[in-house]
Amino acid sequence: MLQIKWIRPVLAPHSSTLKYTLRFRTINSAYWMEVNFTKEDIDRDETYNLTELQAFTEYVMTLRCAPAESMFWSGWSQEKVGTTEEEAPYGLDLWRVLKPAMVDGRRPVQLMWKKATGAPVLEKALGYNIWYFPENNTNLTETVNTTNQTHELYLGGKTYWVYVVSYNSLGESPVATLRIPALNEKTFQCIEAMQACLTQDQLVVEWQSSAPEVDTWMVEWFPDVDSEPSSFSWESVSQARNWTIQKDELKPLWCYNISVYPVLRDRVGQPYSTQAYVQEGIPSAGPVTQADSIGVKTVTITWKEIPKSKRNGFIKNYTIFYQAEDGKEFSKTVNSNILQYRLESLTRRTSYSLQVMASTNAGGTNGTKINFKTLSISVLEIFFITSLVGGGFLILIMLTVAYGLKKPNKLKHLCWPDVPNPAESSIATWRGDDFKDKLNLKESDDPVNMEEDQVLKPYSAPTDFIDKLVVNFENFLEEVSTEELGKSQENILKEEKNKHVTSPYCLHHPPISTEIPQRKPQQLCSRIPEGTCSETKEQLFSSVQSLGPDHLCEEGEPNPYLKNSVTTREFVCLKNFKTKPKEKFSVAVA
């Protein structure tokens, strides 16, 4: 209540009754309210009690008067401001935001409250008391006291009841109650459609419901940003299916998520959501573009969405501008939900420049400009050529294998030609007709044995190698002509350089004559009596051993080609060593 006092106008007759009109409004409102009353008192000072006002609220008021029988009113008095007395808080509007459950099963629930609709503007609360408990189990009640208008609870998966009151020095407000549904509880859905439209200075949201019994709605809105919103706004609507907000209360170029929750007694249904801008503009930045899967005549263009804070409106479409080097520019327009497009019919081995433009109702902004060059040959063509070459090689290998299986000897001879084995050669002992006879004999041998002879086999000296060596050497001396024995020492030295294998020893002392008895060529050691053959061996060994180790010196290393197949012995024939030079004879036994 406010008591208004004023002084009766001086010109008003004392005996007449005056009628009054009192006009008043809250200090932050532009709408006036009026009260009419009459006064029959003739006192100069008069009063009037203005009741049914809000507590702790500032009001602006003015007054005018007129005689009861007159139609002419006085002017309005000077405006005066008065404040009603403070009382206990009027009440609270309570709401919640349910967040996903955590790993341990607890649910974060953010409680929010504000002064109830119609509460005094100047109402102040000293604090808020919160208590909550599981449904049908008040023994687990927990109490929280806070001075903020928001608080986060961690509840289990069951249904909970939450109560909140505000208090000041004059008392407490009525209790605000809210039911938190269980984690697996199914909520009802009754909103079928919703739309947001802009008028001259308002944003209007309208919705349609299939449940006529629902007459209370909770409207929730908050900015749509890339991160989690820090604050929520909400408002309760009753007996209506639309909601209006002034444009000045929302930020331009910001997208707002607006959700409407049906409320039936203590249960809250599923929300229906939409997005709206109170003012749109061109995007602050364009999309970031890149070229992928570049081919001979095609390329795939991908781009990223513009961050929500830089869109400044709803993206209607994307336009792709591309141009060949020194060529004509082309464009392709796609819907806003497409972030990838494949360009075709490009020119082989050509450089292109490309950029993507994002457009809203207010205009468009180009993104980053990129360059790419189409290929001169595609991966499919490379694969086709490789397949042809590989298939040709495979067919060639198969034909070669088939030829080898059909004619293995020819293939073997082609891949592994015959290499003669020097260890099995006896050409050193052939002369004249004997060479021709043995050559003919070799060609007429069994082809099966020829193949076996072509294989190189390791050779090991037999135990009677020395005996055969002596016999062959004696036969060789009988066949050597006297002209060869008379060659000069210089020719002998030149022939020594051409030997494949030289004697590991040489003589440094004066030559000692060793006479070897002559034998006929047709005589063999096997035909000589055993005693005579042994005497000849002993005579030969005694001649060599009589030189002693001091008369020998090491010569060059043996020829590696004949190292394992030819055994060489060098003998020194000393006849008339005083007048004739030293002569060497080498015998090779295979």
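J.: When you look at the overall build of the protein in this model, what are you seeing that I'm missing?
T.: Across its full length, the protein holds 8 helices and 34 strands. Excluding contacts between residues fewer than 6 apart, the proportion of contacts in the protein whose partners are at least 24 apart in sequence is 64%. A total of about 38100 Å² of accessible surface is found on the protein, and carbon and sulfur atoms cover 52% of it.

J.: Please clarify how a negative patch on the surface should be interpreted in this entry.
T.: A surface patch of negative charge is lined by Asp-201, Glu-235, Asp-248 and Glu-249. Judged by its relative accessible area of 77%, Asp-248 is exposed.

J.: I keep staring at the nonpolar core and nothing clicks. Help me out?
T.: Soluble globular proteins: nonpolar side chains tend toward being buried together. Ranked by internal contacts, the top residues of the largest apolar core, which has 20 residues, are Trp-207, Trp-217, Val-219, Trp-221, Trp-243 and Ile-258. Going through the elements one at a time, β15 (191–198), β16 (202–209), β17 (216–223), β19 (242–246) and β20 (256–264) are the ones with two or more residues in this core. In this structure Ile-258 touches Met-194, Leu-203, Val-205, Val-219, Glu-220, Trp-221, Trp-243, Tyr-272, Ser-273, Thr-274 and Ala-276, once residues within four positions along its chain are discounted. Grouped together as the second largest cluster of nonpolar side chains are 18 residues, Ile-301, Ile-315, Tyr-318 and Ile-370 included.

J.: Explanation requested: the sheet that holds strand β3 (residues 33–39) in the structure shown.
T.: What holds strands together in a sheet is hydrogen bonding between their backbones, with the strands either parallel or antiparallel. Spatially, β3-β2-β5-β6 is the arrangement adopted by the 4 strands of the open sheet, whose pairing is antiparallel. Each of the sheet's edge strands pairs with one partner strand only, and the pair in question is β3 and β6 (80–83). Taken over all neighbouring pairs, the strand axes of this sheet differ in orientation by 30 degrees on average, direction set aside. Examined bridge by bridge, strand β2 (residues 18–26) and β3 share 7 bridges and lie antiparallel to one another. In the strand pairing of β3, Leu-22 is matched with Val-35.

J.: Explain the packing of helix α1 (residues 379–406) against helix α2 (residues 408–415) to me, please; I cannot follow it from the model alone.
T.: Helix-helix packing is characterised by the crossing angle of the two axes and by the distance between the axes. Put simply, α1 and α2 touch, their axes get as near as 5 Å, and they point 115 degrees apart. The residues of α2 that touch α1, namely those facing Thr-400, Tyr-403, Gly-404, Leu-405 and Lys-406, are Pro-408, Lys-410 and Leu-411. Across the contact of α1 with α2, the residue classes tally to 4 nonpolar, 2 polar and 2 charged.

J.: I tried to follow the side chain of Asn-257 on my own but got confused; where do I start?
T.: You can see Asn-257 is positioned in strand β20. On the accessibility criterion, Asn-257 (16% relative accessible area) is buried. A polar contact is formed between the side chain of Asn-257 and the side chain of Gln-275, at a distance of 2.8 Å. Excluding anything up to four places from it in sequence, Asn-257 contacts Glu-220, Trp-221, Phe-222, Asp-224, Thr-274 and Gln-275.

J.: Looking at this structure, I do not really get the sheet that holds β15. What am I missing?
T.: With respect to topology, 3 strands assemble into an open sheet ordered β15-β16-β19, the strand pairing being antiparallel. Looking at the sheet topology across the chains shown, the edges are occupied by β15 and β19. Between one strand axis and the next, the sheet turns by 15 degrees as a mean value, whatever way the strands run. The pairing of β16 with β19 spans 5 bridges and is classified as antiparallel. Following the sheet pairing, Leu-203 is matched in β19 by Ile-245.

J.: Got a minute to help me understand a nonpolar patch on the surface in this structure?
T.: Among the surface-exposed residues, Ile-377, Ile-382, Phe-384, Ile-385, Leu-388, Val-389, Phe-393 and Leu-396 lie close enough to one another that they form a single nonpolar patch of about 780 Å² accessible area. Take Phe-393: it is sitting in helix α1.

J.: How do you make sense of the confidence of the model for the protein when you look at a structure like this?
T.: Detailed reading of predicted coordinates is not advised where the pLDDT is low. Averaged over all residues, the pLDDT of the protein equals 78, while 71% of them reach at least 70. The low-confidence segment residues 442–457 (pLDDT under 50) makes 12 contacts with residues lying over four places distant or belonging to another chain. Long-range and interchain partners of residues 496–557, a stretch whose pLDDT sits below 50, account for 69 contacts in this model, where long-range means more than four residues apart.

J.: How do you make sense of unusual backbone geometry when you look at a structure like this?
T.: Leaving glycine aside, a negative phi is the common case for residues, and trans is the common case for peptide bonds. Although it is not a glycine, Ser-293 sits at a positive phi angle of roughly 50 degrees. Mapped onto the fold, Ser-293 is located in the loop between β23 (289–292) and β24 (299–303). Phi angles above zero are rare outside glycine, and Arg-349 is one such case at about 55 degrees. Note that Arg-349 resides in the loop between β27 (340–343) and β28 (351–360).

J.: Explain the side chain of Asn-129 here, please?
T.: Among the structural elements, Asn-129 can be located in strand β9 (residues 127–134). Side chain to side chain, Asn-129 and Asn-145 meet in a polar contact 2.6 Å long.

J.: Teacher, can you tell me more about the pattern of salt bridges here?
T.: A side chain of one charge can pair with a side chain of the opposite charge if their charged atoms are brought near each other. With the rule as written, the count across this model stands at 10 salt bridges. Among the salt bridges present, the one from Arg-267 reaches Glu-185, with a minimum N-O distance of 3.0 Å. Of this pair, Arg-267 sits in strand β21 (residues 267–268) while Glu-185 is found in the loop between β14 (176–180) and β15, placing the two residues 82 residues apart along the sequence. By relative accessible area, Arg-267 is classed as partly exposed at 40%. The class of Glu-185 is partly exposed, set by a relative accessible area of 25%. Across the pair Asp-224 and Lys-308 runs a salt bridge whose closest N-O atoms are separated by 3.1 Å.

J.: Is there a simple way to think about the environment of Val-109 in this case?
T.: Structurally, Val-109 can be placed in strand β8 (residues 107–115). Residues Val-109 and Ile-180 lie 71 residues apart in sequence; the distance between their C-alpha atoms is 8.7 Å. The residues touching Val-109, leaving out its near neighbours within four places in the chain, are Arg-96, Val-97, Leu-98, His-151, Glu-152, Leu-153, Leu-155 and Ile-180.

J.: Could you clarify how one ought to interpret the packing of aromatic side chains in this entry?
T.: Note on aromatic pairs: each is described by the distance of the centres and the angle between the planes. Under the counting rule described, the total for this entry stands at 16 aromatic pairs. Seen in terms of ring centroids, Tyr-20 and Phe-37 are 5.4 Å apart; in terms of plane orientation they differ by 15 degrees. Their pairing is stacked. With a gap of 17 residues between them, Tyr-20 in strand β2 and Phe-37 in strand β3 connect regions that are remote in the sequence. Ring plane angle 55 degrees and centroid distance 5.5 Å describe the contact between Trp-113 and Tyr-128, whose orientation is recorded as tilted. Of this pair, Trp-113 sits in strand β8 while Tyr-128 sits in strand β9, and the two are 15 residues apart along the sequence. Both residues of the pair, Trp-113 and Tyr-128, belong to the buried class. Members of the aromatic cluster, each reached through a chain of ring pairs, are Trp-6, Tyr-20, Phe-37 and Tyr-48. Directly above the ring of Tyr-154 sits Arg-106, whose terminal nitrogen or CZ lies 4.9 Å from the centroid. The aromatic ring of Trp-234 is capped on one face by Lys-114, whose charged end is 4.9 Å from the ring centroid.

Analysis parameters
- Residues numbered from 1 in each chain as written.
- Predicted model: local features only at pLDDT ≥ 70, side-chain atom pairs only at ≥ 80, totals over all residues.
- Heavy atoms only, no water.
- Helix = DSSP H or I, 4+ residues; strand = E, 2+ residues; numbered from the N terminus.
- Contact = heavy atoms within 4.5 Å.
- Areas by Shrake-Rupley, 256 points an atom, 1.4 Å probe, with all protein chains shown as cover.
- Patch = residues over 30% accessible without salt bridge, like charges linked within 9 Å, V, L, I, M, F, W, Y side chains within 5 Å.
- Salt bridge = Lys/Arg side-chain N within 4 Å of Asp/Glu carboxyl O.
- Lys, Arg positive; Asp, Glu negative; His and termini not counted.
- Charge placed at Lys NZ, Arg CZ, Asp CG, Glu CD.
- Buried < 20%, exposed > 50% of the residue type's maximum accessible area, 1.4 Å probe, protein only.
- Core = buried A, V, L, I, M, F, W, Y, C linked by side-chain atoms within 4.5 Å.
- Pairing = 2+ DSSP bridges.
- Axes fitted to C-alpha atoms, helices over the stretch in contact; angles between N-to-C directions.
- Nonpolar A, V, L, I, M, F, W, Y, C, P; charged D, E, K, R; others polar.
- Polar contact = N/O pair within 3.5 Å; in protein donor to acceptor, adjacent residues only side chain to side chain.
- pLDDT = per-residue confidence, 0-100.
- Phe/Tyr/Trp six-rings, centres within 6.5 Å; stacked < 30°, edge-to-face > 60°.
- Lys NZ or Arg CZ within 6 Å of the ring centre and 35° of its normal.

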